[in-house]
Amino acid sequence: MSDTPPLQLKSQKFRDTREKEWRALARQIDRAEKGQIGSFTTEELLELPVLYRATVSSLSMAQSISLDRNLITYLQALCGRAYVYMYGAHARPLQVLKDFFLRRLPQSFRALGIEMWLSFACFFLGAVGGWLMCAFDPSWYNALVGHSAQGRDTSATAEDLRKTLGGAEKEQLGTFSVYLMSNNTRVTLMAFAVGVIGGVPTAFVLLYNGMMLGAMMWLFASKGLGFDFAAWLSIHGTTEMLAIIIGGGAGFHLARRLMFPGHLTRKAALSTAGRTAGTVMLGAMLMLIIAGVIEGVGRQTITDMGLRFAFGGVMLVWWLTYYGLFGRDRKGAGDGQNP
Amino acid sequence: MAKTPKPRKLKQDLMKGGTIAVGGIEGPTTVVTTPEGVRLGFRTASFGTRLGALLIDLMIMIAIPIVLVLVYFLLPLEHVNLDMAPDHPFRQLVNILIILTLFFARSGYFMFFEMGPRAATPGKRVMKIRVISHDGGHLTPAAVITRNALREVELFLPLTLSFQAMAGGGWLGLVAFLWALGLALLPLFNKAKARLGDFLGGTRVVHVPREALSFDLVEQAAVSSWLQFTPEQVAAYGEKELTVLEEVLRERRASTLQAVASRIKARIDWKGPKAEADMPSDESFLRAYYAALRAHLEGRMLMGRRRKDKFDPAT
């Protein structure tokens, strides 16, 4: 070794032959990170995964033949950036959307069957409880609904109340419905998120929101407007309440897997539960947006009581069909439940 | 019996090879196996870095409504609005836009940016950190939603509760606050520095720095008859020392170069030329020694015998 100059190491030759690819990848990732992926030519697009794989393989090669630390750090950083870009969450083509809506979402929903029933029970019990509480002592109404009453309080006459349900009211319905949508989304997120602290807070959120609904029902029913209110509510309410119930169900799922992780470690159980619940939550949030749109448009245009019930009913049947039947495997064996 | 430790040693060495492969990174690392089967090592983002990113994001979130108000007053919108009834379509449109913006600032901000091409919010981008999937696969939209929905529990709930506790919410408020605080500080108590949302979404936050590729130091090694080393001289050091030497050579600070050169000369018992004029500079000496040492160590490496540092037995 001492006789020949120690030039031309294997690692040097390796670097000479591959360096061009690394630089090309670095340039492409720079552009892609700036959001210029749209300006790529077809060749460049086709080249990107090839360059990525070549560079990743260069990294594993370099790790076993080179001791040049600058080179290895560079490759690690470059592969890291390329990896984060290639496997990021950015919007994927149609196929992923189709897979999500036609399979993953309804399947995840069915995997959470028991939790959904529990969530529904909490909400329903809350509604019944809210009604009964107000029926026995009307002062509960203000305690429950109070801040979001918007003129629907115990002192309002039947005529005032009818106005809030009417078709051509002067109220700023568009604004109000957007407010409701953002509020309901927050409630749904909350019901889901607090599931991770044991499930009791989720039950509380559901019960409370159920109570608010029950109290409002009582108010309108006590003025003889029960059916009108139900019809008015059903247009968007079937979609919206189902979304809140789904949020609660996802929260209960987290709580259940946290307390009873089964044969998995608690950490692993939580991360699988988080994925299923997250998928369902994405669906719930989309439903809330749809509910907001229905609310903004439908409430003013559909004024007949029968039509309102029909519309709300159709939405409910649609959602139940979607979540109950879509994405089932042909053979009938797998219905989306975890083994 | 004397032979039994050997295979075990070999196995240990192979495993060391594995960790060296993701090494070169200070501090805790997060290792993911990509779908291509390559183990990529990332430096785990520290609690402080993440807090910094969060504060930047929170400031942006707070700035959004402030900017809205400023725009409202700077543009002559108020005069337009004064003439309108509250249910005028334009007025309603403005209100709807405001509510939507506030809603985005509160609930959609993190999700929107983390689903984008850089998988990071502006705050994370400033701190050079990114969200990745812990299992090495795609970062899914569901994972992003899960990890950010849990901010309600980890961030907004403690904030609300702390305001309540300050306003005299009683001992129950205090207990709830401490509980929520424990959740919020979870990243301090686990090795992966993950918060609750990370565990649930199966995500991790890591440093993704940019590094520049420098030249290969071996290429510029000076060749002279004085700068040839005997096998014994070359075998004095291991990989760790090579790394340090590389850092010194890239940094090129005269005082460090001189100190390192004289230490190496003493250790390998190097006999320089008698004439002062032939004496190579400290830098060219170190370059030449670096080239020789790297050639030696890489040669061993190809045969599967790595030498961690100078305390590792040479054979």
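Being a predicted model, the structure only gives us computed values, none of them experimental.

Some words on the overall build of chain A
Tallying secondary structure elements over chain A gives 12 helices and zero strands in all. Going residue by residue from the N terminus, the α and β elements of chain A occur as α-α-α-α-α-α-α-α-α-α-α-α. Put simply, chain A has 339 residues, and 51% of those count as buried. Contacts spanning at least 24 positions in sequence make up 77% of the contacts within chain A whose residues lie at least 6 apart. Looking at chain A as shown, the accessible area adds up to about 15800 Å², and 66% of this sits on carbon and sulfur atoms.

Describing the UniProt feature "transmembrane region" (unreviewed entry) in chain A
Residues annotated by UniProt as "transmembrane region" (unreviewed entry) correspond here to residues 112-133, 187-208, 241-260, 272-294 and 306-325 of chain A. Across residues 272-294 of chain A, the secondary structure splits into 100% helix and 0% strand, with the terminal C-alpha atoms separated by 33 Å.

Structural notes on the interface of chain A and chain B
Counting residues at the interface gives 79 residues for chain A, matched by 89 residues for chain B. Between chain A and chain B, the buried area comes to about 7200 Å², and carbon and sulfur atoms account for 65% of it. When the buried surface of chain A facing chain B is broken down by residue, Leu67, Arg69 and Tyr83 of chain A rank first, second and third, together holding 11% of it. As a salt-bridge pair, arginine 250 of chain B and aspartate 68 of chain A come within 3.1 Å of each other at their nearest N and O atoms. There are 14 residue pairs in polar contact (both at pLDDT 80 or more) connecting chain A and chain B. Mapped by element, the contributors of at least two residues to the side of chain A that touches chain B are α1 (10-33), α2 (42-65), α3 (69-86), α8 (173-193) and α11 (266-301) of chain A. Here the side of chain A that touches chain B takes 14 residues from α3 of chain A, the largest share from any one element. For the side of chain A that touches chain B, the residue count by class is 39 nonpolar, 23 polar and 17 charged.

Details of the environment of valine 84 of chain A
Structurally, valine 84 of chain A can be placed in helix α3. On the basis of relative accessibility, which here comes to 5%, the residue valine 84 of chain A falls in the buried class. Other than its neighbours up to four places away in sequence, valine 84 of chain A contacts Arg118, Ala119, Arg130, Ile132 and Val208 of chain B.

As for a nonpolar patch on the surface
A cluster of nonpolar side chains, namely Trp117, Phe120, Phe124, Val128, Trp131, Leu132 and Phe136 of chain A, defines an oily patch on the protein surface of about 810 Å² accessible area. By the secondary structure assignment, phenylalanine 120 of chain A is in helix α5 (residues 113-136).

Comments concerning the side chain of glutamine 233 of chain B
All names here are of chain B. Here glutamine 233 shows up in helix α10 (residues 231-234). Taking relative accessible area as the criterion, glutamine 233 reaches 12% and is therefore assigned buried. Discounting residues that sit within four places of it in the chain, glutamine 233 has contacts with Gln228, Ile268, Asp269, Trp270 and Tyr289.

Here we look at the sheet that holds strand β1 (residues 29-33) of chain B
All names here are of chain B. In spatial order, the strands read β1-β2-β4-β3; together these four strands make up an open sheet with antiparallel pairing. In this open sheet, the two edge strands, each paired with only one partner strand, are β1 and β3 (129-133). Pairs of neighbouring strands in the sheet enclose a mean axial angle of 45°, with direction left out of account. Sheet topology places strand β2 (residues 39-44) next to strand β4 (residues 203-207); two bridges connect them, and they run antiparallel. Paired with threonine 44 across the strands is valine 206, a residue of β4.

Cut-offs applied
- Residues numbered from 1 in each chain as written.
- Chains lettered and ligands numbered in written order.
- Predicted model: local features only at pLDDT ≥ 70, side-chain atom pairs only at ≥ 80, totals over all residues.
- Heavy atoms only, no water.
- Helix = DSSP H or I, 4+ residues; strand = E, 2+ residues; numbered from the N terminus.
- Buried < 20%, exposed > 50% of the residue type's maximum accessible area, 1.4 Å probe, protein only.
- Contact = heavy atoms within 4.5 Å.
- Areas by Shrake-Rupley, 256 points an atom, 1.4 Å probe, with all protein chains shown as cover.
- UniProt positions renumbered as here; feature names shortened; annotations may be inferred.
- Buried area = accessible area lost by both parts, 1.4 Å probe.
- Salt bridge = Lys/Arg side-chain N within 4 Å of Asp/Glu carboxyl O.
- Polar contact = N/O pair within 3.5 Å; in protein donor to acceptor, adjacent residues only side chain to side chain.
- Nonpolar A, V, L, I, M, F, W, Y, C, P; charged D, E, K, R; others polar.
- Patch = residues over 30% accessible without salt bridge, like charges linked within 9 Å, V, L, I, M, F, W, Y side chains within 5 Å.
- Pairing = 2+ DSSP bridges.
- Axes fitted to C-alpha atoms, helices over the stretch in contact; angles between N-to-C directions.

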